[in-house]
Amino acid sequence: MSARHVSRRAASARPTGTAGILMKRAVAAAALALAVVSMLPGCSMVGGSKNVTLYSPQLKIQPQASWPTVNWPLVVARPLSSDSLDSMQIAVRPQSDTLQVYQGAVWSDAVPDLVQSELVRAFEDSGKIVAVGRQSTGVRGDFVLMTDIRQFESVYRDPAQPPTVVISIQAKLLAHPNTRVLAMHRFDVEVPAADKEIPSVVAAFNAALTQVNTDIIGWTLTTGQANAATVKTKP
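The rules behind each value
Residues numbered from 1 in each chain as written. Predicted model: local features only at pLDDT ≥ 70, side-chain atom pairs only at ≥ 80, totals over all residues. Heavy atoms only, no water. Salt bridge = Lys/Arg side-chain N within 4 Å of Asp/Glu carboxyl O. Helix = DSSP H or I, 4+ residues; strand = E, 2+ residues; numbered from the N terminus. Buried < 20%, exposed > 50% of the residue type's maximum accessible area, 1.4 Å probe, protein only. Pairing = 2+ DSSP bridges. Contact = heavy atoms within 4.5 Å. Phe/Tyr/Trp six-rings, centres within 6.5 Å; stacked < 30°, edge-to-face > 60°. Core = buried A, V, L, I, M, F, W, Y, C linked by side-chain atoms within 4.5 Å. pLDDT = per-residue confidence, 0-100.

1. Concerning the pattern of salt bridges
Turning to step 1, where the next piece is worked out: Per the stated rule, a full pass over the model turns up seven salt bridges.
Turning to step 2, where the next piece is worked out: The salt bridge involving Asp 148 is made with Arg 150; its shortest N-O contact spans 3.3 Å.
Turning to step 3, where the next piece is worked out: The closest approach of N and O atoms between Glu 190 and Arg 157, which form a salt bridge, is 2.9 Å. Remark: Arg 157 occurs in the loop between strand E9 (143-155) and strand E10 (164-175) and Glu 190 occurs in strand E11 (residues 180-192); sequence separation between them is 33 residues.
Turning to step 4, where the next piece is worked out: Judged by relative accessible area, which is 46%, Glu 190 ranks as partly exposed.
Turning to step 5, where the next piece is worked out: By sharing partners, the salt bridges in this structure join Arg 78, Asp 86 and Asp 113 into a single network.

Listed below in structure tokens is the structure:
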């Protein structure tokens with residue numbers, strides 16, 4: 001396992017003022033350069049003397065027969081997360097109190113954007129909903145799906161064994177525009193990796209994210225439909 005520590009001290013020593021703005025711009029430019037090759041599930045990039053492999057999840061979510069077909073639009077908000085997860089880095093926990101990231105491998109986007117994009121795509125592909133979109137697209141929905149990513153990491157519970165990918169997402173369904181919380185539920189999925197190599201860990205992430213998004217979509221459609229009449233009659 002190749003990983004480096006996430007340093008709180010380094011994070012607290014970020015430059016401020018003009019230097020901080022320039023650094024943020026440089027980071028944004030680097031992220032954009034990585035996004036250029038995000039069309040491929042895993043592609044190698046050369047950065048100086050190091051190769052960086054960019055992983056873009058390719059999820060295939062099958063609509064379930066139990067999902068209702070709904071005629072109300074939905075807005076999918078950008079998920080909340082800790083600062084350590086709001087990143088393109090692939091997180092790994094070698095010990096219960098230590099969070100690190102894999103070297104030489106990153107996601108194609110920051111984890112919250114990755115989760116949001118896959119949710120929107122899956123809702124669209126399901127054919128079960130009249131309209132769905134991000135808040136930034138201007139879609140006006142009867143409901144808003146808000147999520148909070150609690151865990152999105154591989155975990156070594158036994159150093160001698162491959163890690164287990166753990167994804168935990170808290171979801172809330174809100175009525176729009178009064179932001180009344182209709183329901184909330186936490187979705188937890190664990191998928192063991194076949195071995196300790198990064199491609200196998202990423203495959204486990206794909207399987208876990210497929211399952212958790214399937215569960216979130218089914219719950220959202222069912223819960224929203226159960227509250228649709230009430231939401232449309234209340235200001």
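2. Quick notes on the pairing of strand E6 (residues 89-95)
Turning to step 1, where the next piece is worked out: Bridge count for E6 against strand E7 (residues 98-107) is four bridges, and the pairing is antiparallel. From the neighbouring strand, Ala 91 faces E7, where its bridge partner is Val 101.
Turning to step 2, where the next piece is worked out: Linking two consecutive strands that pair antiparallel, namely E6 and E7, is a turn of two residues.
Turning to step 3, where the next piece is worked out: Summarising the sheet, E6 and E9 pair through three bridges and their orientation is parallel. Bridge pairing in E9 places Arg 93 opposite Val 155.

3. Looking at the environment of Gln 225
Turning to step 1, where the next piece is worked out: Among the structural elements, Gln 225 can be located in helix H4 (residues 198-233).
Turning to step 2, where the next piece is worked out: Note on Gln 225: relative accessible area 33%, which makes it partly exposed.
Turning to step 3, where the next piece is worked out: In sequence terms Gln 225 and Thr 69 are 156 residues apart; their C-alpha atoms lie 8.6 Å from each other.
Turning to step 4, where the next piece is worked out: Those residues within four positions of Gln 225 in sequence are excluded, and the remaining contacts are Pro 68, Thr 69, Val 70 and Trp 72.

4. Concerning the environment of Gln 62
Turning to step 1, where the next piece is worked out: Looking at the element boundaries, Gln 62 is found in the loop between strand E3 (50-55) and strand E4 (70-76).
Turning to step 2, where the next piece is worked out: The sequence separation of Gln 62 and Asp 125 amounts to 63 residues, and the corresponding C-alpha distance is 9.0 Å.

5. Focus on the packing of aromatic side chains
Turning to step 1, where the next piece is worked out: What the rule picks out here adds up to five aromatic pairs.
Turning to step 2, where the next piece is worked out: Centre to centre, the rings of Trp 107 and Phe 152 are 6.0 Å apart; their planes meet at 75 degrees, and the pair counts as edge-to-face. Linking Trp 107 in strand E7 with Phe 152 in strand E9, this pair joins segments that are 45 residues apart in sequence.
Turning to step 3, where the next piece is worked out: The interplanar angle of 85 degrees and the centroid separation of 5.1 Å between the aromatic rings of Trp 107 and Phe 205 together place this pair among those described as edge-to-face. Placement of the pair is Trp 107 in strand E7 and Phe 205 in helix H4, with a sequence separation of 98 residues. When sorted by exposure, Trp 107 lands in the same class as Phe 205, which is buried.
Turning to step 4, where the next piece is worked out: Of the aromatic side chains, those joined through ring pairs into one cluster are Trp 107, Phe 152 and Phe 205.

6. Considerations on the nonpolar core
Turning to step 1, where the next piece is worked out: Counting residues in hydrophobic clusters, the biggest one holds 55 residues, and the most contacted among them are Leu 74, Trp 107, Phe 123, Phe 152 and Ile 167.
Turning to step 2, where the next piece is worked out: At 14 residues, the largest contribution of residues to this core is made by H4.

7. Remarks on the confidence of the model for the protein chain
Turning to step 1, where the next piece is worked out: Here the protein chain averages 82 in pLDDT, while 77% of its residues score no lower than 70.
Turning to step 2, where the next piece is worked out: Counting interchain partners and residues more than four positions distant, the pLDDT-below-50 stretch residues 2-16 has 20 contacts.
Turning to step 3, where the next piece is worked out: In the model, residues 18-49 has pLDDT below 50 throughout and makes 32 contacts with residues more than four positions away in sequence or in other chains.

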